[in-house]
Amino acid sequence: MPVNAVNEISFSGRNIEKKEAKKARKEQYYKWVSQNQANDALKLSLGREVEDGKYKAAESAFSVAGMFGFLASMVAKTNVISRISAGEQLSKKLFNVNKAANIGFLASTGALIASNIIKNHNIKAADKTANERGFLSTKDRMKIKNVDVNYMVTDEIYKSHVN
């Protein structure tokens, strides 16, 4: 078997070029991911700050309510299970706590779903006016099949709004 490298020092010029090209491609990808996130945040906010703020406040409220409701229902459920396993009979009181925990779990799940619905509605509302405000909508960006063109377009949009 031929030895191509010793102590990670390559004796083949092509391997170095391949590694450098791969590294450059990876760095370009990470740069694009970062710029894409910035573009999406700007697309939601720039030119529609008040509307975006209302959506984000509602989304956060439902999300927090859902998480606290979920935790409270799990604590109540755990309390019921531990009391039953300790030998306590399944009384009407424990049944009502278990029923309340189940209802709390369903309500918190509903609040988390509502949070996602609000977030998606905000994105759709931003997409409707994205082109007018100098951004690509999600649908427009999905039409770009060439990765390099996508990087270039994202870079230009990012530079036009950030610089």
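Q: Where do I start with a nonpolar patch on the surface in this structure?
A: Judged by side-chain polarity, V64, M67, F68, F70, L71, M74, F105, L106 and L112 come together as a nonpolar surface patch covering roughly 830 Å² of accessible area. Elements with a minimum of two residues in the nonpolar patch: helix 2 (49-85) and helix 3 (92-128). Following the sequence through the fold, F70 ends up in helix 2.

Q: Could you clarify how one ought to interpret helix 2 in this entry?
A: In an α-helix, one full turn covers 3.6 residues, which means residues spaced three or four apart are oriented alike. Compared with the 54 Å implied by 1.5 Å per residue over 37 residues, the 53 Å span of helix 2 between its first and last C-alpha is a close match. When we look at burial in helix 2, the residues that qualify are D52, Y55, E59, S63, G66, S73 and V80.

Q: Which parts of the structure should I look at to understand helix 5 (residues 147-162)?
A: Between the first and last C-alpha of helix 5 there are 22 Å, a value that for 16 residues agrees with the 22 Å anticipated at 1.5 Å per step. Restricting attention to buried positions, one finds in helix 5 the residues N150, Y151, T154, D155 and I157. Near the N-terminus of helix 5, the side chain that reaches the backbone nitrogen of D148, with its oxygen 2.9 Å away, is that of N146.

Q: Please clarify how the environment of N116 should be interpreted in this entry.
A: Assignment of secondary structure puts N116 in helix 3. Residues N116 and S60 lie 56 residues apart in sequence; the distance between their C-alpha atoms is 9.9 Å.

Q: Explanation requested: the side chain of Q35 in the structure shown.
A: When you line up the elements, Q35 lands in helix 1 (residues 13-45). Filtering out sequence-adjacent residues up to four positions away, Q35 remains in contact with T154, D155 and Y158.

Conventions and cut-offs
Residues numbered from 1 in each chain as written. Predicted model: local features only at pLDDT ≥ 70, side-chain atom pairs only at ≥ 80, totals over all residues. Heavy atoms only, no water. Patch = residues over 30% accessible without salt bridge, like charges linked within 9 Å, V, L, I, M, F, W, Y side chains within 5 Å. Areas by Shrake-Rupley, 256 points an atom, 1.4 Å probe, with all protein chains shown as cover. Salt bridge = Lys/Arg side-chain N within 4 Å of Asp/Glu carboxyl O. Helix = DSSP H or I, 4+ residues; strand = E, 2+ residues; numbered from the N terminus. Expected span 1.5 Å × (residues − 1). Buried < 20%, exposed > 50% of the residue type's maximum accessible area, 1.4 Å probe, protein only. Polar contact = N/O pair within 3.5 Å; in protein donor to acceptor, adjacent residues only side chain to side chain. Contact = heavy atoms within 4.5 Å.

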